[in-house]
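# Understanding the architecture of this molecule
The primary structure of each chain is shown beneath.
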Amino acid sequence: MEFSQQPFAGAVRDAELRTICFDYLLEPTLLLDPNADQIIDANPAACALLGYDRALLRETRISALHPGQMPALVVFTQAVLDKGAYWTNALTPRHATGQTLRLEYAGSRMPHDGRALLLLTMSDLEQRRRRYVDAAAEDHMRSGLAAWQRV
């Protein structure tokens, strides 16, 4: 299959395509301005995970999601900005209902208009553990079926 180098009729602009891609990421993702303590944007998966609608998240400070965790939040964001990418599971944001979430954060520095933004993906550690348990159970079931069929 050969791909044309010519843009197709009605091509989506690059910025619009990036916005569309952000919305369809499976992982909950936030775009942050750490120096302004601002959530610039949140994809639908992040809204669902945190329990806020998109407009409200855009008005919420990232520090407000992490009450009492400012030192750890600063260390994480500085590590991302200094190294270009970093991860942590030490931060526990609050869901809109007040429940503490156990998440893993992976952040990457994103330069934009002379400032350093942070692209943050969030993974629910409990959901990850359940997927691992389910996969192990499925593997066990498959191996059991093969052994039963041989008998």
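Quick note: structure is the one above.
Throughout this description, residue numbers start from 1 for each chain and increase along the sequence as written. In view of the model being predicted, local features appear only for residues whose pLDDT reaches at least 70, and side-chain atom pairs are presented and counted only at 80 or more, with totals across whole chains, interfaces and linings using the full set of residues. Just so you know, side-chain values use all the structure's heavy atoms and leave hydrogens and water out.

The next subject is the sheet that holds strand β1 (residues 29-33). In space, the five strands of this open sheet follow the order β2-β1-β5-β4-β3, with antiparallel pairing throughout. Each having just a single partner strand, β2 (38-42) and β3 (85-88) make up the two edges of the open sheet. The sheet shows a mean angle of 25 degrees between the axes of neighbouring strands, direction not considered. For two strands to count as paired, DSSP must find a minimum of two bridges between them. Numbering of helices and strands runs from the N terminus, with a helix taken as a DSSP run of H or I at least four residues long and a strand as a DSSP run of E at least two residues long. Looking at chain direction, β1 and β2 are connected through four bridges and run antiparallel. Looking at β2, one finds that Leu31 is bridged to Asp41. It only takes one pair of heavy atoms within 4.5 Å for two residues to be counted as in contact. Axes, fitted as lines to C-alpha atoms, cover a helix only where it is in contact. Angles between the N-to-C directions of the axes lie from 0 to 180 degrees. Against the sheet, helix α4 (residues 70-83) engages β3, β4 (103-112) and β5 (115-124), with an angle of about 45 degrees to β4.

Think of a 1 Å grid over the protein atoms and nothing else: a 1.4 Å probe that fits but is trapped marks a cavity, an open set flanked by protein within 12 Å on at least five of seven lines marks a pocket, and residues with an atom within 4 Å of a point count as lining. Grid points are joined across faces, edges and corners, and a volume is the space filled by probe spheres set on the points. The volume enclosed by the largest pocket comes to roughly 410 Å³. In terms of lining, the largest pocket is formed by 14 residues, of which the most central are Arg18, Thr19, Phe22, Leu31 and Met110. At the level of elements, α1 (14-23), β2, β4 and β5 are the ones that each hand at least two residues to the lining of the largest pocket. Element by element, the count of residues in the lining of the largest pocket is highest for α1, at five residues. Amino acids are sorted into nonpolar (Ala, Val, Leu, Ile, Met, Phe, Trp, Tyr, Cys and Pro), charged (Asp, Glu, Lys and Arg) and polar (every other residue, Gly among them). Split by residue class, the lining of the largest pocket holds nine nonpolar, two polar and three charged.

Let us look at the nonpolar core. Ranked by size, the top nonpolar core spans 22 residues in total, and within it Leu30, Leu50, Leu57, Leu120 and Met122 carry the most contacts. Elements represented by at least two residues in this core include exactly β1, β2, α2 (44-50), α4, β4 and β5. If one sorts the elements of this core by residue count, α2 sits on top with four residues. Residues within four places of Leu30 in sequence aside, it is in contact with Phe22, Ile39, Asp41, Ala42, Ala46, Leu50, Leu57, Ile62, Leu118, Leu119, Leu120 and Met122. Side-chain atoms within 4.5 Å are what join buried Ala, Val, Leu, Ile, Met, Phe, Trp, Tyr and Cys residues into a set we call a nonpolar core. Buried, partly exposed and exposed residues are distinguished by accessible area as a fraction of the type maximum, computed with a 1.4 Å probe on protein chains only: under 20%, between the cut-offs, and over 50%, respectively.

Checked against the element boundaries, Asn43 lands in the loop between β2 and α2. Not counting residues within four places of it along the chain, the set of residues in contact with Asn43 comprises Phe22, Asp23, Leu25, Glu27, Pro28, Thr29 and Arg54.

A residue counts toward a patch only above 30% relative accessible area and without a salt bridge, and it is joined to like-charged neighbours within 9 Å or, for Val, Leu, Ile, Met, Phe, Trp and Tyr, to nonpolar neighbours within 5 Å. Residue exposure ignores everything except the shown protein chains as possible cover, and the areas themselves are Shrake-Rupley values with a 1.4 Å probe. Counted as salt bridges are all cases of a side-chain nitrogen of Lys or Arg within 4 Å of a carboxyl oxygen of Asp or Glu. Among the surface-exposed residues, Leu17, Ile20 and Tyr24 lie close enough to one another that they form a single nonpolar patch of about 330 Å² accessible area. Summarising the element assignment, Ile20 is placed in helix α1. Judged by its relative accessible area of 35%, Ile20 is partly exposed.

For the rest of this paragraph, the subject is unusual backbone geometry. Although it is not a glycine, Asp37 adopts a positive phi angle of roughly 55 degrees. Tracing the backbone through its elements, the reader meets Asp37 in the loop between β1 and β2. The backbone phi angle of Asp113 is positive, close to 50 degrees, even though this residue is not glycine. Mapping Asp113 onto the fold places it in the loop between β4 and β5. Using a relative accessible area of 70% as the deciding quantity, one classes Asp113 as exposed.

The next subject is α4. The terminal C-alpha atoms of α4, which comprises 14 residues, lie 20 Å apart, in line with the 20 Å expected from a rise of 1.5 Å per residue. Buried within α4 we find Leu73, Phe76, Thr77, Ala79, Val80 and Leu81. On its buried face, α4 sits against β3, β4 and β5. Of the residues one or two after α4, Gly84 is the one with positive phi, at around 95 degrees. A helix is expected to span 1.5 Å for every residue after the first.

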